Amino acid sequence: MVDNPTTNAVLEEAVRKIKVTRTAQSRINEIDFNNLVFGKKYADHMLVADFDGKEWSNAEILPFQHISVSPSNAAWHYGQAIFEGIKAYKDQDGNPMIFRPYDNYARFNTSAERMGMPDVPEWLFIGGMEMLIDLDRNWVPANEGCSLYLRPFMIAADEFIGVRPSDTYKFVIINSPSGPYFNKPIKLLVQDKYIRAFPGGVGYAKAAGNYGGAMYPTMQARKQGFDQILWVDGAEHKYLQECGTMNVFAIIGNKAITPDLTQGTILAGVTRASVMDVLTDMGLTVEERPVSIDEVVAAWKDGSLREIFGTGTASSVAYVEELQYKEHQIRLDTTRYAVGAELLERLDAIRTGKAADVRNWNYKVSKHL
């Protein structure tokens with residue numbers, strides 16, 4: 001993960017290159033900020049830019065609207081599409097702060113490389129995001145547990161039906177005032193039939209196809225009463241990978257254990273990395289290593305399994321109350337999740353400026369528009 005560098009020059013370049021067209025009429029009065037649902041409503045503006053095969057141009061912040069796309073658009077047919085999820089919060093003075101955007105920026109370009117797509121420059125991703133949030137700063141919720149969810153994405157733009165990387169691309173950032181992704185503890189089904197990712201594949205990239213391929217198994221799991229799938233590896237079908245929208249942690253004894261990234265099959269979560277640091281601050285030993293479902297079952301049987309939770313930008317820290325693996329039904333009392341509760345409290349305090357940001361995770365949005 002990377003630290004926030006000095007950004008004055010980046011922002012200055014963004015202001016020079018990004019045209020701003022303000023909405024004639026804000027829609028903010030249509031929003032009930034006391035009853036926000038994740039991913040349902042969108043702020044007044046969005047950012048768009050085009051890659052012409054050589055450079056990024058036509059960058060503009062404009063009123064939120066539909067995008068016209070040809071039926072022959074290459075993204076529809078061949079899946080060149082990537083995205084990120086980032087959150088902005090209000091500090092104690094009501095000013096917007098983005099949580100660790102440079103880490104998402106680095107991961108976005110890692111995904112782009114894997115999918116044969118061009119890098120997005122810093123002025124467009126970071127500077128453009130800051131300009132967008134500055135313009136829509138009143139859309140950042142102040143309510144506890146709420147945030148402004150930012151969705152940068154890039155899609156192929158060639159109007160061509162043929163299997164090759166696109167030459168042209170479109171980059172967009174939209175933002176959505178949102179409440180919690182999960183508003184209650186969740187139930188997970190350990191899936192050992194279908195596979196999400198395999199070494200050498202695109203599991204580490206935030207590619208749209210990873211989520212598309214998970215839809216059918218997840219639908220089947222939900223019919224059985226589960227919220228998400230906990231995926232395992234494709235070779236031995238026993239080593240934990242990640243959930244549909246989250247990395248996963250198990251608290252066993254005084255250790256926090258999470259699957260390692262060495263196989264390239266799971267996402268290097270920004271929240272995951274933050275959680276590992278905070279858990280260390282809390283005095284727990286954090287281990288990144290292969291974690292088998294058999295180890296989790298054994299810890300549950302001998303009483304050393306204290307907690308299981310998922311971590312992600314959308315979900316933050318999601319408590320797991322039930323884990324089903326074959327005949328094993330692991331049930332946990334989430335009202336006794338002392339580690340998860342303290343972890344969530346510490347993270348929220350950092351993200352909202354209630355606690356010292358000693359690692360410089362928060363990117364403060366300046367007022368310039």
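Scoring rules and cut-offs
Residues numbered from 1 in each chain as written. Predicted model: local features only at pLDDT ≥ 70, side-chain atom pairs only at ≥ 80, totals over all residues. Heavy atoms only, no water. Core = buried A, V, L, I, M, F, W, Y, C linked by side-chain atoms within 4.5 Å. Buried < 20%, exposed > 50% of the residue type's maximum accessible area, 1.4 Å probe, protein only. Helix = DSSP H or I, 4+ residues; strand = E, 2+ residues; numbered from the N terminus. UniProt positions renumbered as here; feature names shortened; annotations may be inferred. Contact = heavy atoms within 4.5 Å. Axes fitted to C-alpha atoms, helices over the stretch in contact; angles between N-to-C directions. Parallel < 35°, antiparallel > 145°, perpendicular 65-115°, else oblique. Left-handed = near helix turned anticlockwise from the far one by under 90°. Salt bridge = Lys/Arg side-chain N within 4 Å of Asp/Glu carboxyl O.

A. Inspection of the nonpolar core at higher detail. If you look at the biggest cluster of nonpolar residues, it comprises 51 residues, and the most contacted ones within it are Trp 56, Leu 124, Phe 125, Ile 133, Met 154 and Phe 171. Per element, the largest residue contribution to this core is 9 residues, and it comes from helix α4 (residues 122–135). Core analysis: the second largest hydrophobic core is formed by 46 residues, Ile 252, Val 278, Leu 305 and Leu 323 among them.

B. Up close: the UniProt feature "modified residue: N6-(pyridoxal phosphate)lysine" (unreviewed entry) in the protein chain. Residues annotated by UniProt as "modified residue: N6-(pyridoxal phosphate)lysine" (unreviewed entry) correspond here to Lys 206. Each residue touching Lys 206, except ones within four places of it in the same chain, is listed here: Ile 82, Phe 83, Glu 84, Gly 85, Arg 107, Ser 111, Tyr 211 and Leu 267.

C. Spatial organisation of the packing of helix α7 (residues 270–281) against helix α9 (residues 338–351). The contact between α7 and α9 brings their axes to 10 Å, and the two run at 110 degrees. Classified by the interaxial angle, the pair formed by α7 and α9 is roughly perpendicular. In the crossing of α7 with α9, the sense of the turn from one axis to the other is right-handed. Along the contact surface, α7 presents Ser 274, Val 275, Val 278, Leu 279 and Asp 281, while α9 presents Val 339, Leu 343, Arg 346, Leu 347 and Ile 350.

D. Structural detail: the pattern of salt bridges. Applying the stated rule across the entire model yields 22 salt bridges. When the shortest N-O distance is used, the salt bridge between Lys 238 and Glu 236 registers 3.8 Å. For Glu 236, a relative accessible area of 48% translates into the label partly exposed. We note a salt bridge from Arg 289 to Glu 287, for which the minimum N-O separation is 2.7 Å. Put simply, Lys 255, Glu 287, Arg 289 and Glu 295 are held in one network by salt bridges that share partners.

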